[in-house]
Amino acid sequence: MPSVASVRASNATFTAAYRPTALFVGGTSGCGQGTAEAFARATQGRAHILICGRNREAAERIIETFPKHPESKYEFVECDASLMKNVVKAAEEVKHKISEADGNKSTLNYLVLSQGILTMKGFDPTSEGIDRKLALHFYGRWKFVDELLPLLQKASSDGEEARVMSILDPKVSAPLDTTDLGLKIAFSLSKAANHATSYNDNFVAEYSSRYPGISFIHIYPGWVDTSVTQNLPWYLKPVLRPIVHFGARTLQDCGEYMASGLLSPAYKAGGFYLNQNGEPVVKTKSNVDDLEARKQLVEHYTKEVAF
């Protein structure tokens, strides 16, 4: 495992001939916040960074800590990403802000997706009929990708970096269960967790095959000291909070490792599955290479996110 000092030093060597543009969905807290902060440090503030989430006040506090550079541009985009209609609206705002900032350039170099929730609720459908956990951990993430693909493709065709990172857990996932995609028949919390990871794994494989000039990364953040327990029942918080804090990485350290995966030359284009240290995780063919199952998942996803 590389030390956080060596990872931080490696991130600090990042350079680009252009001002990179990055969007962090879920960047107002947790691992998304840590990654956005590490990215800002790596670029020394020479970046256009957009933070997307529900909490404007939190975003503004984070942005205030970013390095200042003559070319710095930091912005907030509000979005409850559990609803696909909100994702489409937020993506349009992102496109407008990027176009306004960069004129005809209109490229997006880095799209980091970390929105999520830890809850003990069972099937919890949004007004669009998708379980809220799966909407955040999978459907809304790839809906952002779909809406912003033209900007990523433009970056790639211009010879710039074009990378998508989904922060969840590629370490362990089962083969796709196509009998209950979306878990509307037999829902459980363990199934929701497993399906979300398997869906992300398969979409990395699918999209990297469709768009070979773009990097698609599914990465595990590790055990991190976050406010993840805030949505749990009150009686579980006193028990779980000490466990969460014990031996956990800080947000800052987690962010450095996530940023190392995001910026590494080793992951410039293709599909990648990384552990908490930004190192490759081996994926078995049974998990991501069942093309018929993947086709069914894509068809299911396409119907679910249309409105």
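Small disclaimer: the values here were computed from a predicted structure and weren't measured. (Residues numbered from 1 in each chain as written. Predicted model: local features only at pLDDT ≥ 70, side-chain atom pairs only at ≥ 80, totals over all residues. Heavy atoms only, no water.)

**Observations concerning the pairing of strand β6 (residues 215-219)**
(1) Moving on: Burial analysis of β6 places 5 of its 5 residues in the buried class, the great majority of the element.
(2) Moving on: By the bridge criterion, 5 bridges tie strand β5 (residues 163-167) to β6 in an arrangement that is parallel. From the neighbouring strand, Met165 faces β6, where its bridge partner is Ile217.
(3) Moving on: The pairing of β6 with strand β7 (residues 270-274) spans 5 bridges and is parallel. Each residue of the ladder has a partner; that of Ile219, found in β7, is Leu274. (Buried < 20%, exposed > 50% of the residue type's maximum accessible area, 1.4 Å probe, protein only. Helix = DSSP H or I, 4+ residues; strand = E, 2+ residues; numbered from the N terminus. Pairing = 2+ DSSP bridges.)

**Section: the sheet that holds strand β2 (residues 48-53)**
(1) Moving on: The parallel open sheet is built from 7 strands, whose spatial order is β3-β2-β1-β4-β5-β6-β7. Whereas interior strands pair on both sides, the edge strands pair on one side only; in this sheet they are β3 (73-78) and β7. Averaged over all pairs of adjacent strands, the angle between strand axes in this sheet comes to 15°, irrespective of strand direction.
(2) Moving on: Strand direction decides the pairing type here: β2 and β3, joined by 6 bridges, are parallel. Note on β3: the bridge partner recorded for Leu50 is Glu75.
(3) Moving on: Those strands touched by helix α2 (residues 30-42) are β1 (21-25), β2, β4 (110-113) and β5, and its axis lies near 165° from that of β1. (Axes fitted to C-alpha atoms, helices over the stretch in contact; angles between N-to-C directions. Contact = heavy atoms within 4.5 Å.)

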